[in-house]
Amino acid sequence: MSHFLVRLIITAIAVSFAITLIPCITFDSGRDMMADIFLLSMFLAIINVSIKPVLQALSLPISVLTLGLFALVINTAMLYLAVWCTATFFGSGAVITDFGSAFVVSILISVATWFINTVTAFD
């Protein structure tokens, strides 16, 4: 359980960094934006642990053909799914403005998560 909590905190830091740098996700819930970012991070962490490995395994032939670049599309799809879950289940009013920005944000989240994991030597 503590591994998931650390992963959640790392994801929350990475999501906060990416959304601050490129504001492609807007929140219109009337709540604190940090609470909405934490909810988004929670869903993103759950999705990355449960659904993402299955999608990566199913898309392995496409990933091989594109030399791994299709993994970036999967990351963006997971971000869309996390935003949808946050908006649907908790009414955060989260909206992704456009695919290009979401694509860049998903890359930033991946890089930031990797960097934080490397610096903290957690993984």
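For the structure itself, look to the data block above.
The text that follows walks through the structure, step by step, so that each part is easy to find. On a predicted model such as this, the values are computed, not experimentally measured, just so you know. (Residues numbered from 1 in each chain as written. Predicted model: local features only at pLDDT ≥ 70, side-chain atom pairs only at ≥ 80, totals over all residues. Heavy atoms only, no water.)

**Here we look at the packing of helix 1 (residues 2-21) against helix 2 (residues 33-50)**
- Where helix 1 contacts helix 2, the two axes come as close as 8 Å, and the packing angle between them is 125°. Taken together, the axis directions place helix 1 and helix 2 in an arrangement best described as oblique. Crossing geometry of helix 1 relative to helix 2 is assigned as right-handed. Contact with helix 1, carried on its side by Phe 4, Arg 7, Leu 8, Thr 11, Ala 12, Val 15, Ser 16 and Ile 19, involves Met 33, Met 34, Ile 37, Phe 38, Leu 40, Ser 41, Met 42, Leu 44, Ala 45 and Ile 46 of helix 2 and no other residues of that element.
- Along the lines of polarity and charge, the residues of the contact of helix 1 with helix 2 split into 14 nonpolar, 3 polar and 1 charged. (Axes fitted to C-alpha atoms, helices over the stretch in contact; angles between N-to-C directions. Helix = DSSP H or I, 4+ residues; strand = E, 2+ residues; numbered from the N terminus. Parallel < 35°, antiparallel > 145°, perpendicular 65-115°, else oblique. Left-handed = near helix turned anticlockwise from the far one by under 90°. Contact = heavy atoms within 4.5 Å. Nonpolar A, V, L, I, M, F, W, Y, C, P; charged D, E, K, R; others polar.)

**Here we look at the nonpolar core**
- Formed by 25 residues in total, the largest nonpolar core has its most connected members in Ile 25, Leu 40, Leu 79 and Ile 109.
- Taken together, the elements giving at least two residues each to this core come down to helix 1, helix 2, helix 5 (70-90) and helix 6 (99-120).
- With residues up to four places along the chain from it excluded, the contact list for Ile 109 reads Ala 14, Val 15, Ala 18, Leu 44 and Leu 79. (Core = buried A, V, L, I, M, F, W, Y, C linked by side-chain atoms within 4.5 Å. Buried < 20%, exposed > 50% of the residue type's maximum accessible area, 1.4 Å probe, protein only.)

**Here's the deal with the environment of Thr 97**
- Along the polypeptide, Thr 97 turns up in the loop between strand 2 (95-96) and helix 6.
- Sequence separation between Thr 97 and Val 119 is 22 residues, and the spatial gap between their C-alpha atoms is 32 Å.
- Every residue in contact with Thr 97, bar those within four places of it in the chain, is listed here: Cys 24 and Thr 26.

**Concerning the layout of surface pockets**
- If you add up the space inside the largest pocket, you get close to 350 Å³.
- What lines the largest pocket is a set of 16 residues, and nearest its centre among them are Asn 48, Lys 52, Ile 109, Ser 110 and Thr 113.
- Elements supplying a minimum of two residues to the lining of the largest pocket: helix 1, helix 2, helix 5 and helix 6.
- When residues of the lining of the largest pocket are assigned to their parent elements, the largest contribution, 6 residues, is made by helix 6.
- Of the residues that constitute the lining of the largest pocket, the class distribution is 6 nonpolar, 7 polar and 3 charged. (1 Å grid on protein atoms, 1.4 Å probe; cavity = no way out; pocket = protein on both sides within 12 Å on 5 of 7 lines; lining within 4 Å. Points joined across faces, edges and corners; volume = space filled by probe spheres on them.)

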